[in-house]
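# Understanding the architecture of this molecule
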Amino acid sequence: MGTGDVVIWIRFGGKFDESRKYVGGEYEMLLVNNNATYVVVRKMVSELLNLDDSVQNMELSFETEHPAKPIYGVVDERTFQLYMHHAQQDAVKYSLLVTVREDLRHGQCSRQGKTEPLNMLQSYIPGPESRANVEKVANSSGGARNNALPEMFGSSDLYEMPINVQSPERTQYLATNPSPSFVHVSRDLTEEKNDRVSINSQVGQGERRAEEVCTEDGIYGQGGMLGDIEENRVFRSKKELMTCLSIMSMRKKFQYKVFKSNTSFIVVRCVHPSCSWRVRANKLIESEYWMVTKHVNKHTCPTDFKTTRRRQATSWVVGECIKRRFINPGRVFRPRDVMDDMKQRYGVELSYSTNPGSVVNLEVTDGNKFQYLFIAFAASIQGFSYCRPVISIDATHLKGKYRGVLFTAVCHDANQQIFPLAIGVGDSENDAAWTWFLKRVKDVFGENPALVIVSDRHRSIRSAVEEAFPRAFHGICIYHLLNNLKTKFKSKNKELEQHYIAAAKAYNLQEFHVLFYTLCSAVPGAKEYLESVGLDRWTRSHAPCRRYNIMTTNISESFNAVLVKVRELPITAFVNEVRLLCQRWFQQRRTKANGCSSRMSTDVENKLEQRRDRAQTMDVRF
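Quick caveat: nothing in here was measured; it's all calculated off a predicted structure. (Residues numbered from 1 in each chain as written. Predicted model: local features only at pLDDT ≥ 70, side-chain atom pairs only at ≥ 80, totals over all residues. Heavy atoms only, no water.)

For helix α10 (residues 335–346), which comprises 12 residues, the first-to-last C-alpha distance of 16 Å matches the rise-based estimate of 16 Å (1.5 Å per residue) to within 8%. When we look at burial in α10, the residues that qualify are Val338, Met339, Asp341, Met342, Arg345 and Tyr346. The buried residues of α10 occupy an angular sector of 165° when the element is viewed end-on, so they sit on one face. Following α10 by one or two positions, Gly347 adopts a phi angle in the positive range, close to 70°. (Helix = DSSP H or I, 4+ residues; strand = E, 2+ residues; numbered from the N terminus. Expected span 1.5 Å × (residues − 1). Buried < 20%, exposed > 50% of the residue type's maximum accessible area, 1.4 Å probe, protein only. Arc of directions from axis to C-beta.)

Backbone geometry places Asn232, a non-glycine residue, at a positive phi of 75°. Within the fold, Asn232 resides in the loop between β13 (224–225) and β14 (234–235). Owing to a relative accessible area of 35%, Asn232 belongs among the partly exposed residues under this scheme. A positive phi angle, close to 55°, is found at Tyr548, a residue other than glycine. Its place among the elements puts Tyr548 in the loop between α18 (535–538) and α19 (554–562).

At a minimum axis separation of 8 Å, helix α12 (residues 431–445) and helix α13 (residues 459–468) run at an interaxial angle of 40°. Classed by the angle they form, the pair α12 and α13 counts as oblique. For the crossing formed where α12 meets α13, the hand is right-handed. Residues Asp431, Trp434, Thr435, Leu438, Lys439 and Lys442 of α12 pack against Ser460, Ile461, Ser463, Ala464, Val465, Glu467 and Ala468 of α13. Across the contact of α12 with α13, the residue classes tally to 6 nonpolar, 3 polar and 4 charged. (Axes fitted to C-alpha atoms, helices over the stretch in contact; angles between N-to-C directions. Parallel < 35°, antiparallel > 145°, perpendicular 65-115°, else oblique. Left-handed = near helix turned anticlockwise from the far one by under 90°. Contact = heavy atoms within 4.5 Å. Nonpolar A, V, L, I, M, F, W, Y, C, P; charged D, E, K, R; others polar.)

Once that is clear, we can look at the state of the cysteines. Simply put, the disulfide is a covalent bond whose two ends are the sulfur atoms of two cysteines. On inspection of all chains with the given rule, the structure shows 0 disulfides. Take Cys387: it sits in no disulfide, and the sulfur closest to it among the cysteines is that of Cys411, at 3.9 Å. (Disulfide = S-S within 2.5 Å.)

Before going further, it helps to spend a moment on the nonpolar core. Formed by 50 residues in total, the largest nonpolar core has its most connected members in Ile393, Trp434 and Leu438. At the level of elements, β20 (370–376), β21 (390–397), β22 (405–412), β23 (418–426), α12, α13, α19 and α20 (571–594) are the ones that each hand at least two residues to this core. When sequence neighbours within four positions are dropped, the list of residues in contact with Leu438 reads Ile393, Ala464, Val465, Ala468 and Phe469. Counting 28 residues, the second largest nonpolar core, distinct from the first, contains Ile10, Leu30, Val40 and Leu96. (Core = buried A, V, L, I, M, F, W, Y, C linked by side-chain atoms within 4.5 Å.)

Moving on, we get to the sheet that holds strand β16 (residues 265–270). Either a parallel or an antiparallel arrangement is found when strands of a sheet pair, and the pairing is made through backbone hydrogen bonds. Strand order across the open sheet formed by 5 strands is β14-β18-β17-β16-β15, with antiparallel pairing between neighbours. Strands with a single pairing partner mark the edges of an open sheet, and in this sheet they are β14 and β15 (256–261). As paired strands, β16 and strand β17 (residues 278–283) are joined by 5 bridges and run antiparallel to one another. Bridge pairing in β17 places Phe265 opposite Asn282. Those strands touched by helix α8 (residues 238–251) are β14, β15, β16, β17 and β18 (290–296), and its axis lies near 150° from that of β15. (Pairing = 2+ DSSP bridges.)

A word on the pairing of strand β24 (residues 452–455). Because side chains alternate across β24, one face comprises the buried residues Val452 and Val454, and the other comprises Ile453 and Ser455, equally buried. Bridge count between β21 and β24: 3 bridges; the pairing is parallel. Along β24, the bridge assignment pairs Ile391 with Ile453. Here β24 runs beside strand β25 (residues 473–476); their pairing, made up of 4 bridges, is parallel. Across the sheet, the residue bridging to Val452 is Phe473, located in β25. Viewed along the sheet, the connection from β24 through α13 into β25 turns out right-handed. (Right-handed = clockwise from strand over helix to strand, strands pointing away.)

Here we come to the sheet that holds β24. Read from one edge of the open sheet, 7 strands run β19-β20-β23-β22-β21-β24-β25, paired in mixed fashion. Since the sheet does not close on itself, it has two edges, and those belong to β19 (359–364) and β25, each with one partner. Put simply, the sheet's adjacent strands are angled 20° from each other on average, direction ignored. By the bridge criterion, 3 bridges tie β20 to β23 in an arrangement that is antiparallel. Bridged to Ile375 within β23 is Ile423. Against the sheet, α20 contacts β20, β22 and β23, and its axis sits at roughly 170° relative to β23.

Evaluation of the coordinates by the stated rule reveals 18 aromatic pairs. With centroids separated by 5.3 Å and ring planes inclined at 50°, the aromatic side chains of Phe62 and Tyr83 adopt a geometry described as tilted. With Phe62 in strand β5 (residues 58–63) and Tyr83 in helix α3 (residues 77–89), this residue pair connects regions lying 21 residues apart in the sequence. In terms of burial, Phe62 and Tyr83 fall into one category: buried. A centroid spacing of 6.2 Å and a plane angle of 50° characterise the contact between Phe516 and Trp538, whose relative ring orientation is tilted. Of the two residues, Phe516 is situated in helix α16 (residues 509–522) and Trp538 in helix α18; the sequence distance between them amounts to 22 residues. (Phe/Tyr/Trp six-rings, centres within 6.5 Å; stacked < 30°, edge-to-face > 60°.)

Turning next to the environment of Leu245. Inspection of the secondary structure puts Leu245 in helix α8. Leu245 sits in the buried class, given a relative accessible area of 1%.

One pass over the structure, following the stated rule, counts 12 salt bridges. As a salt-bridge pair, Lys527 and Glu531 come within 2.9 Å of each other at their nearest N and O atoms. Taken together, the residues Lys527 and Glu531, both in helix α17 (residues 526–533) and 4 residues apart, mark about one turn of the helix. Look at Lys527 and you get partly exposed, because its relative accessible area is 35%. The partner of Lys607 in a salt bridge is Asp603, with the nearest N and O atoms 3.4 Å apart. Linking Lys607 with Asp603, this pair stays in helix α21 (residues 602–615), spanning 4 residues, or about one helical turn. Relative accessible area serves as the criterion here: at 35%, Lys607 is assigned to the partly exposed category. Members of the salt-bridge network, linked through shared partners, are Lys442, Glu447 and Arg471. (Salt bridge = Lys/Arg side-chain N within 4 Å of Asp/Glu carboxyl O.)

Relative to β18, β17 is paired through 6 bridges, and the arrangement is antiparallel. Along β18, the bridge assignment pairs Arg278 with Val296. Two successive antiparallel strands, β17 and β18, enclose a turn made up of 6 residues, where Glu286 displays a positive phi of approximately 55°.

Let's shift gears to a nonpolar patch on the surface. Together, Leu362, Val364 and Phe370 make up an exposed nonpolar region whose accessible area comes to about 280 Å². Within the element layout of this structure, Val364 appears in strand β19. Of the residues examined, Val364 reaches a relative accessible area of 35% and is grouped as partly exposed. (Patch = residues over 30% accessible without salt bridge, like charges linked within 9 Å, V, L, I, M, F, W, Y side chains within 5 Å. Areas by Shrake-Rupley, 256 points an atom, 1.4 Å probe, with all protein chains shown as cover.)

Remember that the coordinates give geometry; whether it matters functionally is a separate question.
Quick look at the structure:
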C-alpha cells in the first residue's frame, strides 16, 4: 500500500431497520488514493459490486454518532471529503454503506444487484419527528404527498440540498423542525446514464485516474453536467452557476451577457437584442447555494449571428473544461493541445495572442540597444472613447538595475476610477523621451478637438505637448502650481491655499474675480506671478476646453503609487505585472458594470440619489 492510499470498508447487502441502523450485509475492502474524488470512488464501488450505477441508482452513506443525524449521505465532493476524514480515523467503524434504489426506493444490495425496497425518506431524514413534519407539510399543501415533495425540495439530482428555499412550505418546515438544516432528496437518474464519466483504473499500483469523456455534453459536475441548465437546478455557488452557463453557451454556440446581478439574484440574456433566451437564478436564504428559477430555453436570434469566437471562453472557464485532464501528474497537455481540444469539443477558436488589438512599440538604438518602450492595451484603446477627453500624464523613476523612467497616461472612467491608457519606458525625463511617448499616444488615441492634457510644469512636457498635440489644450496641475507659489513667496499662510484652490475651481468669471482679488490682497506679488503662468492653464473659469473636475494629476500619481513595488523589477517582469494589474481592474469593472441596472455608473447613481434627497427638502421659487 502506498503512502498516499486509504483503506475503505464497503458494507453492502444489508438494510436500514426501524431505528435507522444498517443491519446485515457483507464487507469488502477497497484501496483508494488519498486524492481520489467522489466520482472516481463511486465508480470503483459500482465496479466492485457489479452494479450499473446509471440504472440501479446506487446511494452511499455512513453512520455517525450524532443523535440528530445518525446517517450521513455521501452525495457530492464535499460530503465525500467529510467521509474520507472519518474513514482515515477508523475505516471499520465508518464503513461506506451501500444501498440501491429503483423508482425512488432504497433497496438491499448484493453482488448480483438484487434489491429489497426500503422507504427513501426513512433512510435519510434524521428521526421520526422530522419525517412526520415533512409528511405533514406535504399533506397540508392540499395535494398528494408525491406532488408536494418535488415542489418542496426541487428536482436536483441527489443533492444535499438546503431546505431554506423561499417558499411557505419550507418556512413551515423550518419553524417546526429547526434542526437539521439539510435533508437528502433524490430522483431517478436513469436518464443521466449518458452523462457519466469514463474511469480508467489501474489497481496494481494503488492508483486511480479519472478521464472525462470528450463529448458535446460538456464536463461532469454535481447533480449532472456542468453545461446543463434547467429550472429548479441548484448550484453550490455563484461561480459554479456562471461556469455552467459559460460551458453551455460554448456548446450551443451562442453568447450571453449579464443583464442584472447582485448578491441575491442574477439575470443573463443572449447578447442579441431581439433574442428571447434568458436565465434567472436566486440565492437561497442563509446559504451559498443558487437555484435557477426561470429558464427561457429558446433562441430567436439569427443563425448567422453565431460565431466561433465567444466571449465566455475566458481563461478560468477553459481551465474548468480541461482541469480533469491533469489528474495524472505525468500528463502532458501543451497549449496547442488545449487549443485543439477546445476546438474539437466546443467549436471555440483560441489564440496564442493575449490582449489582441493592443499596441506595442519598441525603439532601439543603432547598436540594437533598448531605448524606448510604449504599450497601450486593447481595452484601454476601446474604452477611451467612453471617457471624458482629459488625459493626465506624469513620469516616475524605475528602481531596477538599469534605472530609467516610467511614463504614464491615464484618465478617469465613468465611475471616477483610474483608467490606464498607456505606459512608456525611457532613459530619462527629457524632451526627446517625452516627445516620443506623446507621439505614440497620439497615434493610438488620436487628437480630439476637445482634448485636454493635464501635467506638472516640467519644461520637457510643455515642449513635447506643443509638438505632439498642437491642437490640444495643456492645463497645469493646480497643486504643483500651489507648491511653486508657496516656494516662491516663502509663505505657509493657510488663507493663501484656501483662496487659491477656491479661485482655481471657480466655475464662472464673477466668482473667480472675487476670490482672485482676495488672494492677491493677502499675498503681494501673487497676481503678477499667476498671470504670467496663464490664467487659462490653472483656472476652470478661463479654460477654453472643459476640464470637468480633473484639476490635478492625482490619478497619475495614484497609478504610480500602485506600481511602487513592481518598479523594482526587471523590465520584462515589470511589464508583465502592469499587464496583470490592468487585466484584473478591467475584469472587475466589467463584472460590476454588467450588474448595473441603468446606463449610468454607480458613482453617478449615488450622487444623484444624494442630491435627490437634498432636493426634496427644498422649495422651488419662481
